[in-house]
Number of protein chains: 2
Amino acid sequence: MRRAEGAVEPAEQGTAPRVGPCGVLCEDCRVRTISVCRALAGPALDELEAITLRIRLPAGRNLFDEGDPAESLFTLTEGMIKVFKMLPDGRRQITGFLLPGDFLGLAFFRSYAYSAEAVTDALLCRFPRDRFMALLERHPALEKELLSRASSELAAAQEQMLLLGRKSARERVASFLLGLARRQGAGSTKPVALPMSRWDIADYLGLTVETVSREIQAAKASGVIAMPDRHHFLVVDPRRLAAAAALG
Amino acid sequence: MRRAEGAVEPAEQGTAPRVGPCGVLCEDCRVRTISVCRALAGPALDELEAITLRIRLPAGRNLFDEGDPAESLFTLTEGMIKVFKMLPDGRRQITGFLLPGDFLGLAFFRSYAYSAEAVTDALLCRFPRDRFMALLERHPALEKELLSRASSELAAAQEQMLLLGRKSARERVASFLLGLARRQGAGSTKPVALPMSRWDIADYLGLTVETVSREIQAAKASGVIAMPDRHHFLVVDPRRLAAAAALG
DNA sequence: CCGAGCTCTTGATCTGGGTCAATGCCGAGG
DNA sequence: CCTCGGCATTGACCCAGATCAAGAGCTCGG
């Protein structure tokens, strides 16, 4: 997590599609770039593609730390990234788990206001900040897209504040599971991926690992969810799960 | 708070500067409109002024409720507004206190994702949604300003998540007082206004009134702050207050 | 000037979730 | 195959802050 520990070489960058594993990944990434900016018309998209660098980030590697100069913006195309803030004494709050299509580094600031680290192996598109900003000037549609994303993020952040400030441990875990299922478009038939550790879940929900574990076990025991393995679950009883989440 | 209780007449609107108390208020509001959009050049500002309606909102009156159709955007020019979300059973989380110059209703959604209510008597500028959006199209500078504000709000929201998820009661109250002092540019010499009730503070910090009261008394007793009266305080010992806030 | 109804403070007690401490369960490496 | 080390679960106990219960100030209408 800390950049200090272990020689963390910079994330590998592929500048152009090539043969071999990295090449394949880059091709895949190119196809998905469009998810960043569905609102964009052809020429703007081409320009965006032109300044895109592809990045592969192995699980556990950090993308940037809070306070680093904000030289790039990113979109996630594959895998999962967690975004978090820390207190000096090590307490951590994860403010979000990003899924493919999500934007990262949306900041008008000189330095990042939070840290980002890969939960699973991840693929990203990286946009150099100055070039991206220049592109913004020429393409209002892109700016509009960003504003719309910022609004959604803000709404999600407010929902999370409600969770952290006012919900019980049971409600938090239920809300979390429900939210994951919705975002992944999975649920009662298709299993929902739960790739992050119990520690990460705890730091996202403002709880301890033990409490998270207990609540997940309780949900399983009461038949609200089923777990084929520790990192996947099925929503057996959506009604009761929603009720437990105290949806506002 | 609930629109149901008591016949809440719609907020009074002055469409043009006039003589009398409302007129004076509107004049004042006009002068301050510029705070919304310092980035704007002359013509854009004129256009913005042209679609502006002035609103006076007495303390305790609600501006809109979560779920209401989002027909307007606002800027606060005078007073204080609180923004909050509620759970069906009445639990409440205040997600922000707005000060003059702050923007409200920044949403790309059909309906408001939260409720807003005046803490003190307030003056606002109201912009009809469709007209404002049309203006956005023509003036990228305005859009840029909004994006920048959204970024700041997002950063503030993440900071608040850290507070709600990981800080102790003492740290929450200290962070809150410090944040207020900074935003108001007041502190050890000029008293900081604390216009909201202890209930509001509790609902902002994810605590109970009793805990908030106890922590404020403790801060007073330890000589970190002084309180000329219940709704103003002085930062006597900024060093210790910052330490108590566990700044990250 | 009074008093009703608030908000705020303070004290006493209770409890949800944190802390501490094993124990179980993998997956990776030998 | 075993064994090691990191997650995850489970149990026992504890404590920060919630809850319950009085008082103590304000404030505003009359």
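Residues numbered from 1 in each chain as written. Chains lettered and ligands numbered in written order. Predicted model: local features only at pLDDT ≥ 70, side-chain atom pairs only at ≥ 80, totals over all residues. Heavy atoms only, no water.

Draft legend 1. Representation of the protein's contact with DNA strand C. Ala169(A), Thr211(A), Arg198(B), Ser213(B) and Gln217(B) are the nearest of the 18 residues found near DNA strand C. Among all atoms of DNA strand C positioned within 4 Å of the protein, those belonging to sugar or phosphate total 67%. Within the contact set of DNA strand C, a base oxygen lies 3.0 Å away from a side-chain nitrogen or oxygen of Arg214(A). Between DNA strand C and the protein, one listed contact pairs a phosphate oxygen with a side-chain N or O atom of Ser213(B) at 2.8 Å. Here the element with the most residues in the surface near DNA strand C is helix α7 (residues 209–221) of chain B; it accounts for four residues. (Near = heavy atom within 4 Å. Polar contact = N/O pair within 3.5 Å; in protein donor to acceptor, adjacent residues only side chain to side chain. Helix = DSSP H or I, 4+ residues; strand = E, 2+ residues; numbered from the N terminus.)

Draft legend 2. Structural view of the interface of chain B and chain A. Of the residues lining the interface, 46 residues belong to chain B; the matching set on chain A comes to 46 residues. Each partner contributes to the roughly 4200 Å² buried at the junction of chain B and chain A, and carbon and sulfur atoms together form 64% of this total. When the buried surface of chain B facing chain A is broken down by residue, Leu147(B), Met161(B) and Arg166(B) rank first, second and third, together holding 18% of it. Here chain B is connected to chain A by ten salt bridges. Our enumeration of links across chain B and chain A arrives at 16 residue pairs in polar contact (both at pLDDT 80 or more). Partitioned by chemical class, the residues of the side of chain B that touches chain A number 22 nonpolar, eleven polar and 13 charged. (Contact = heavy atoms within 4.5 Å. Buried area = accessible area lost by both parts, 1.4 Å probe. Salt bridge = Lys/Arg side-chain N within 4 Å of Asp/Glu carboxyl O. Nonpolar A, V, L, I, M, F, W, Y, C, P; charged D, E, K, R; others polar.)

Draft legend 3. Main features of the nonpolar core. Phe176(A) and Phe176(B) are the most contacted members of the largest nonpolar core, which has 76 residues in total. In this structure Phe176(A) touches Phe97(A), Leu194(A), Met196(A), Ile201(A), Tyr204(A) and Leu205(A), once residues within four positions along its chain are discounted. By size, the runner-up hydrophobic cluster in this structure holds 28 residues, among which are Leu147(A), Phe103(B), Leu136(B) and Ala150(B). (Core = buried A, V, L, I, M, F, W, Y, C linked by side-chain atoms within 4.5 Å. Buried < 20%, exposed > 50% of the residue type's maximum accessible area, 1.4 Å probe, protein only.)

Draft legend 4. Highlighting α7(B). Residue and element names in this part refer to chain B. A rise of 1.5 Å per residue sets the reference length of α7, with its 13 residues, at 18 Å; its end C-alpha atoms lie 18 Å apart and thus fit the reference within 8%. Looking at the buried residues of α7, the elements they touch are α5 (169–184), α6 (198–205) and β11 (225–229). At the exit of α7 stands glycine 223, carrying a positive phi of roughly 80 degrees. (Expected span 1.5 Å × (residues − 1).)

Draft legend 5. Main features of the relation of the copies chain B and chain A. Overlaying chain B on chain A yields an RMSD of 0.1 Å, the required transformation being a rotation through 180 degrees with an accompanying axial translation of 0.0 Å. Such a turn and shift between the copies fits a two-fold axis. Mapped onto chain A, 100% of the interface residues of chain B again fall at the interface, so both copies present the same surface. (Least-squares fit on C-alpha atoms with pLDDT ≥ 70 in both.)

Draft legend 6. Seen up close, the sheet that holds strand β3 (residues 62–64) of chain B. Residues and elements named next belong to chain B. Overall, antiparallel pairing links the four strands, which are arranged β3-β8-β5-β6 in an open sheet. Two strands in the sheet have a free side with no partner beyond their single neighbour: β3 and β6 (92–98). Each adjacent strand pair in this sheet contributes to an overall mean axis angle of 30 degrees, direction not counted. Packing of α6 onto the sheet brings it into contact with β5 (81–86) and β6, and relative to β6 it is tilted by some 105 degrees. (Pairing = 2+ DSSP bridges. Axes fitted to C-alpha atoms, helices over the stretch in contact; angles between N-to-C directions.)

Draft legend 7. A look at the protein's contact with DNA strand D. Near DNA strand D lie 17 residues; those nearest to it are Arg198(A), Ser213(A), Gln217(A), Ala169(B) and Thr211(B). Close to the protein, within 4 Å, the atoms of DNA strand D are drawn from sugar and phosphate at a rate of 68%. A distance of 2.7 Å is found between a phosphate oxygen of DNA strand D and a backbone nitrogen or oxygen belonging to Arg198(A). In this structure, Thr208(B) approaches DNA strand D through a side-chain N or O atom, which is 3.0 Å from a phosphate oxygen. Breaking the surface near DNA strand D down by element, the ones donating at least two residues are α6 (198–205) and α7 (209–221) of chain A together with α7 of chain B. Per element, the largest residue contribution to the surface near DNA strand D is four residues, and it comes from α7(A).

Draft legend 8. How the structure looks around the environment of Phe103(A). Along the chain, Phe103(A) falls in strand β7 (residues 103–104). Along the chain, Phe103(A) and Phe74(A) lie 29 residues apart, while their C-alpha atoms are 6.0 Å from each other.

Draft legend 9. Spatial organisation of helix α5 (residues 169–184) of chain A. Residue and element names in this part refer to chain A. Its 16 residues place the ends of α5 23 Å apart at the C-alpha level, agreeing with the 22 Å of an ideal helix rising 1.5 Å per residue. Along α5, the residues that are buried comprise Glu171, Arg172, Val173, Ala174, Ser175, Phe176, Leu177, Leu178, Leu180 and Ala181. Just past α5, the residue glycine 185 takes up positive phi, approximately 60 degrees.

Draft legend 10. Structural view of the confidence of the model for chain A. Mean pLDDT over chain A stands at 85; residues scoring 70 or higher make up 83%. Low pLDDT (under 50) marks residues 1–37 of chain A, which in the prediction has 62 contacts with non-local residues, meaning those over four places away or in another chain. (pLDDT = per-residue confidence, 0-100.)

Draft legend 11. Local environment of the packing of aromatic side chains. All names here are of chain A. Counted under the stated rule, the structure contains 16 aromatic pairs over all chains. Three or more aromatic residues joined by ring pairs make a cluster, and in this case those are Phe64, Phe74, Tyr112 and Tyr114. Arginine 92 extends its terminal NZ or CZ atom over the ring of phenylalanine 84, reaching a point 5.6 Å from the ring centre. (Phe/Tyr/Trp six-rings, centres within 6.5 Å; stacked < 30°, edge-to-face > 60°. Lys NZ or Arg CZ within 6 Å of the ring centre and 35° of its normal.)

Draft legend 12. Region of interest: the sheet that holds strand β3 (residues 62–64) of chain A. Pairing is antiparallel across the open sheet formed by four strands, whose spatial order is β3-β8-β5-β6 (chain A). Both edges of this open sheet fall to β3 and β6 (92–98) of chain A, since each of them pairs with a single strand only. Pairwise comparison of adjacent strand axes, ignoring direction, gives a mean angle of 30 degrees for this sheet. With two bridges joining them, β3(A) and strand β8 (residues 115–118) of chain A adopt antiparallel strand pairing. Among the inter-strand pairings, Asn62(A) is bridged to a residue of β8(A), identified as Glu117(A). The strands that helix α4 (residues 140–166) of chain B touches are β5 (81–86) and β6 of chain A; relative to β6(A), the one it contacts most, it runs at about 125 degrees.

Draft legend 13. Inspection of the pattern of salt bridges at higher detail. Evaluation of the coordinates by the stated rule reveals 34 salt bridges over all chains. Arg91(A) is the partner of Glu171(B) in a salt bridge, and the nearest nitrogen-oxygen pair spans 2.8 Å. Linking Glu171(B) in helix α5 with Arg91(A) in the loop between β5 and β6, this pair reaches from one chain into another. You can call Glu171(B) buried: its relative accessible area is 13%. For Lys82(B), the salt bridge is made with Asp200(B), and the minimal N-O distance between the two is 3.0 Å. Remark: Asp200(B) occurs in helix α6 and Lys82(B) occurs in strand β5; sequence separation between them is 118 residues. Taking the relative accessible area as the measure of exposure, Lys82(B) reaches 6% and is therefore buried.

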